[in-house]
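Residue-level listing of the chains:
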Amino acid sequence: MWLRQAFFRWLIPAAFLLPLWLLVGWAVFQGGWAILWVLFIAIPSVFVGQLLLTLLTRSRPSVRAERAVSWWDVGGFALWHALTIAVGFFLDEAFGWLLAAAVVVGIGLVWLQLWQLWTEAKGSGARLRETISWSTVPGVDESQPPTRAHEVIVVRESDARD
């Protein structure tokens, strides 16, 4: 449980630290004109992607209730973050493969979050509709409970005499 809670708390800082790592990695390992790619494509896409994934993850009722992500989330985010960090090393022989894998895993993670959100929302929505409408509206064959007239007491404070 502690690992799932740690990933829950890590999601928002990751949106800032992973793009920062790409910039630091470029400065330490690469240099040159790759800065244009880092500044205009890599950093914004990792930032926006991480924020979108965080929003999708934290919008699930189970995540909000437990303040912990699912094990699917732990695996998906761990893999995507590891690939993003590996891309930041700018290894000449593996850069293309690491980048392609990070993009594919990122897209897969979006679909995983949408699937989990849909699964949880589908179940809770049916229960919500059932409790609000179907169970409160009496059926055709059900009789209404008997009602009786309420007793009304009138108290006069003063009796006006003419």
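What counts, and where the lines are drawn
- Residues numbered from 1 in each chain as written.
- Predicted model: local features only at pLDDT ≥ 70, side-chain atom pairs only at ≥ 80, totals over all residues.
- Heavy atoms only, no water.
- Helix = DSSP H or I, 4+ residues; strand = E, 2+ residues; numbered from the N terminus.
- Contact = heavy atoms within 4.5 Å.
- Areas by Shrake-Rupley, 256 points an atom, 1.4 Å probe, with all protein chains shown as cover.
- Axes fitted to C-alpha atoms, helices over the stretch in contact; angles between N-to-C directions.
- Parallel < 35°, antiparallel > 145°, perpendicular 65-115°, else oblique.
- Nonpolar A, V, L, I, M, F, W, Y, C, P; charged D, E, K, R; others polar.
- Buried < 20%, exposed > 50% of the residue type's maximum accessible area, 1.4 Å probe, protein only.
- Expected span 1.5 Å × (residues − 1).
- Salt bridge = Lys/Arg side-chain N within 4 Å of Asp/Glu carboxyl O.

A. Quick look at the overall build of the protein. Each helix and strand counted, the protein has five helices and zero strands in total. Counting from the amino terminus, helix and strand elements in the protein follow one another as α-α-α-α-α. A separation threshold of at least 6 residues defines the contact pool for the protein, and within that pool the share at least 24 residues apart is 75%. As displayed, the protein has an accessible area near 11500 Å², and 69% of this comes from carbon and sulfur atoms.

B. Representation of the side chain of Thr 54. Looking at where Thr 54 falls in the secondary structure, it is placed in helix α2 (residues 34-58). Excluding residues that lie within four positions of it along the chain, Thr 54 makes contacts with Leu 11 and Ile 12.

C. Local environment of the packing of α2 against helix α4 (residues 71-87). Look at α2 against α4: their axes get within 13 Å of each other, and the N-to-C directions meet at 170°. By the criterion of interaxial angle, the relationship of α2 to α4 is roughly antiparallel. Taken together, the residues of α4 that come into contact with α2 (itself represented by Trp 37, Val 46, Gly 49, Gln 50, Leu 53 and Thr 57) are Asp 73, Phe 77, Trp 80, His 81, Thr 84 and Val 87. Here the contact of α2 with α4 is built from residues that sort into six nonpolar, five polar and one charged.

D. Looking closely at the packing of helix α1 (residues 2-30) against α2. Running from N to C, α1 and α2 cross one another at 170°; their axes reach a closest spacing of 9 Å. As the angle between them shows, α1 and α2 are arranged roughly antiparallel. Class assignment of the residues belonging to the contact of α1 with α2 gives a composition of 20 nonpolar, four polar and two charged.

E. Main features of the environment of Ser 70. Turning to its location among the elements, Ser 70 is positioned in the loop between α3 (61-66) and α4. Under the relative-accessibility criterion, Ser 70 is labelled buried at 17%. Sequence separation of Ser 70 and Met 1 is 69 residues, and the distance between their C-alpha atoms is 9.4 Å. Setting aside its immediate chain neighbours within four residues, Ser 70 contacts Arg 4, Arg 60 and Gln 116.

F. Focus on α1. For α1, which comprises 29 residues, the first-to-last C-alpha distance of 36 Å sits more than 12% below the rise-based estimate of 42 Å (1.5 Å per residue). Of the residues making up α1, those classed as buried are Arg 4, Phe 7, Phe 8, Leu 11, Ala 14, Ala 15, Leu 18, Pro 19, Leu 22, Gly 25 and Trp 26. Summarising the contacts, the buried residues of α1 are in contact with α2, α3 and α4. Just downstream of α1, Gly 31 is the residue with a positive phi angle, here 80°.

G. Fine view of the pattern of salt bridges. Taken as a whole and judged by the stated rule, the model has three salt bridges. Close ionic contact of Glu 66 with Arg 4 constitutes a salt bridge, the shortest N to O distance being 2.6 Å. With a gap of 62 residues between them, Glu 66 in helix α3 and Arg 4 in helix α1 connect regions that are remote in the sequence. Overall, the relative accessible area of 37% leaves Glu 66 in the partly exposed class.

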